[in-house]
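The chain contents come next:
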Amino acid sequence: AHHNLKPTDVAWKPSKLHATSSYFVFVALRCFLSIHGLTEWLCPQLYMRHKDYLNRLVGQDFEMPPPGMLRLLVNGEIVSAKGYEYDNLYVHFFFELPENWTSLSSQSLSGVTQTCSTRSEGRENIAYFSYPFSFEAYFRKEDETEDSVPQWPVLYFEVLSLGFWQRYRTEGYGYLVIPPTPGCHNLTCSTWRPVQPGTVAELRRFFIGGAPELEDISYARVPGTFKGDRLSRFGFRSETTGSVTFTLHCIQQARAFIDASALKKRRQSVLDQLGGFSKQSTTNNVLEAFLRAQRRMQEARESLPSDLLNTTAPPTSETTA
């Protein structure tokens, strides 16, 4: 006899299943808020712990060069060589340190790559060496009164080819001046080789492997032992050969870089950065202190009232006839 009742006549009561579902939703919401709050607290803690871990790995005591000294680190790569006449190429290279440059006794200043076969890419025969090398040197300016730009180390190299009977031929000489700016540098250097006129010399080069060579590879540029004003190569026969590609990652380190960054000074050259030249640094410090004091006096004067400035002016005397 309940089929005549309307739905509104029956009082609705929540079932046990609905109450249980509401309870679980409430608990899940509480858990979500708790986890969200825990995440907001935990993430900074994890970040700080990871930062402390990295700091412990890196350390705080960096090896610094002495004051007034520039440390140069070069991580380089002999990438490739192309445009040479024969196959099975390898490169012999060495570094020359100019005046005021030194290196550690354990530092090797020369090296030789592996022998690499060439492959044709378009019209060029390219040999990919991918030979890594590292170089470290120190620069110190001895004469503080001399105002000159320092000479940078030079990388001399010669490209050679290896024949079937294990005889080598000189394919070219070249040089590369280490860039004075830090960063990554991709450089391609052209080479040349000395030649002798006549067919006999070319036949000897092809069959025997003999070819004219330089006694001093630095003759590819200007030898470090040369002290004259002009270097004459009159009568010296040579021909252009191929080219070698280098990739250099240069790093410069000095205490003056940190000081310059703290003082926000503009660094124009290495001589301005080293900070080891006491006369120059002392003069710059005095001039900067004078300019700062002058600016403070000017700012203090501009902040004073105009009437106070007028009263501080010396009185003028008037004379009457």
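Nothing here was measured: the structure is a model prediction, and the numbers come from that model.

Student: Explain the overall build of the protein residue by residue, including any values.
Tutor: In terms of helices and strands, the protein carries 6 helices and 10 strands. Per-residue burial for the protein yields a buried fraction of 27% across its 321 residues. Of the roughly 23,000 Å² that the protein leaves accessible, carbon and sulfur atoms contribute 56%.

Student: An account of the packing of aromatic side chains is needed here, citing residue identities and associated values.
Tutor: Given two aromatic rings, their pairing is described by the distance between the two centres and the angle made by the two planes. The final tally for this structure, using the stated rule, is 13 aromatic pairs. Residues Phe93 and Tyr131 carry aromatic rings whose centres are separated by 6.1 Å and whose planes lie at 65 degrees to one another, so their mutual orientation is edge-to-face. One end of the pair, Phe93, is in strand β2 (residues 89-96); the other, Tyr131, is in strand β6 (residues 124-140), and 38 residues separate them in sequence. The class of Phe93 is buried, set by a relative accessible area of 4%. Relative to Trp152, the ring of Trp101 lies with its centre 5.4 Å away and its plane at 50 degrees, an arrangement referred to as tilted. Residue Trp101 is found in strand β3 (residues 101-102), and its partner Trp152 is found in the loop between β6 and β7 (154-162); the two are separated by 51 residues along the sequence. Across the pair, Trp152 and Trp101 agree in class, each one buried. Joined through ring pairs, the aromatic side chains of Phe93, Phe95, Tyr131, Phe133 and Phe135 make up one cluster.

Student: I'd like a rundown of the side chain of Thr170, residues and numbers included.
Tutor: Relative to the assigned elements, Thr170 resides in strand β8 (residues 168-177). Discounting chain neighbours no more than four positions away, the residues touching Thr170 are Val159, Leu160, Arg193, Arg205, Pro212 and Glu213.

Student: Lay out the confidence of the model for the protein in plain terms, naming residues and giving numbers.
Tutor: For the protein, mean pLDDT is 76; residues scoring 70 or higher make up 69% of the total. In this model residues 275-281 is a low-confidence stretch, pLDDT under 50, and it forms 13 contacts with partners more than four residues away in sequence or in other chains. Here residues 311-321 is modelled with pLDDT under 50, and outside its nearest four sequence neighbours on either side it reaches 0 contacts, counting other chains as well.

Student: Can you lay out the side chain of Thr113 for me, pointing to particular residues and giving the numbers?
Tutor: With respect to the helices and strands, the residue Thr113 is situated in the loop between β4 (110-112) and β5 (119-121). Look past the residues within four positions of Thr113 in its chain and what remains in contact with it is Ile78, Tyr90, Val91, Phe129 and Tyr131.

Student: Give me the pairing of β8: which residues, what numbers.
Tutor: Judged by how many residues are buried, β8 sits mostly within the fold: 7 of 10 residues are covered. Sheet topology note: the β7/β8 ladder contains 9 bridges and is antiparallel. Residue Glu158 lies in a different strand from β8, and its bridge partner there is Tyr173. Where β7 hands over to β8, the hairpin turn is made up of 5 residues, of which Gln166 adopts a positive phi near 60 degrees.

Student: Kindly report on a nonpolar patch on the surface, identifying the contributing residues and their values.
Tutor: A contiguous nonpolar patch, built from Tyr53, Leu54, Leu57, Val58 and Phe62 and spanning about 540 Å² of accessible area, is present on the exposed surface. Relative to the elements of secondary structure, Leu57 occurs in helix α1 (residues 16-58). Since its relative accessible area comes to 57%, Leu57 is described here as exposed.

Student: Give a detailed account of the pairing of strand β10 (residues 238-253), specifying residues and quantitative values.
Tutor: When strand β1 (residues 69-82) meets β10, the two strands line up antiparallel, connected through 11 bridges. Along β10, the bridge assignment pairs Val74 with Cys250. Strand direction decides the pairing type here: strand β9 (residues 183-194) and β10, joined by 11 bridges, are antiparallel. Paired with Cys184 across the strands is His249, a residue of β10.

Student: Go over the nonpolar core with me, naming the residues and quoting the values.
Tutor: Core analysis: the biggest nonpolar cluster contains 31 residues, and Ile78, Phe129, Phe157, Val244 and Phe246 have the highest contact counts within it. Elements with a minimum of two residues in this core: β1, β2, β6, β7 and β10. The element contributing the most residues to this core is β6, with 6 residues. Leaving out residues up to four positions away in the same chain, Ile78 has contacts with Val91, Phe93, Thr113, Phe129, Ser130, Tyr131, Phe133, Val244, Thr245 and Phe246. Core analysis: the next-biggest nonpolar cluster, separate from the first, contains 7 residues, Val154, Tyr156, Ile217 and Ala220 among them.

Conventions adopted
Residues numbered from 1 in each chain as written. Predicted model: local features only at pLDDT ≥ 70, side-chain atom pairs only at ≥ 80, totals over all residues. Heavy atoms only, no water. Helix = DSSP H or I, 4+ residues; strand = E, 2+ residues; numbered from the N terminus. Buried < 20%, exposed > 50% of the residue type's maximum accessible area, 1.4 Å probe, protein only. Areas by Shrake-Rupley, 256 points an atom, 1.4 Å probe, with all protein chains shown as cover. Phe/Tyr/Trp six-rings, centres within 6.5 Å; stacked < 30°, edge-to-face > 60°. Contact = heavy atoms within 4.5 Å. pLDDT = per-residue confidence, 0-100. Pairing = 2+ DSSP bridges. Patch = residues over 30% accessible without salt bridge, like charges linked within 9 Å, V, L, I, M, F, W, Y side chains within 5 Å. Salt bridge = Lys/Arg side-chain N within 4 Å of Asp/Glu carboxyl O. Core = buried A, V, L, I, M, F, W, Y, C linked by side-chain atoms within 4.5 Å.

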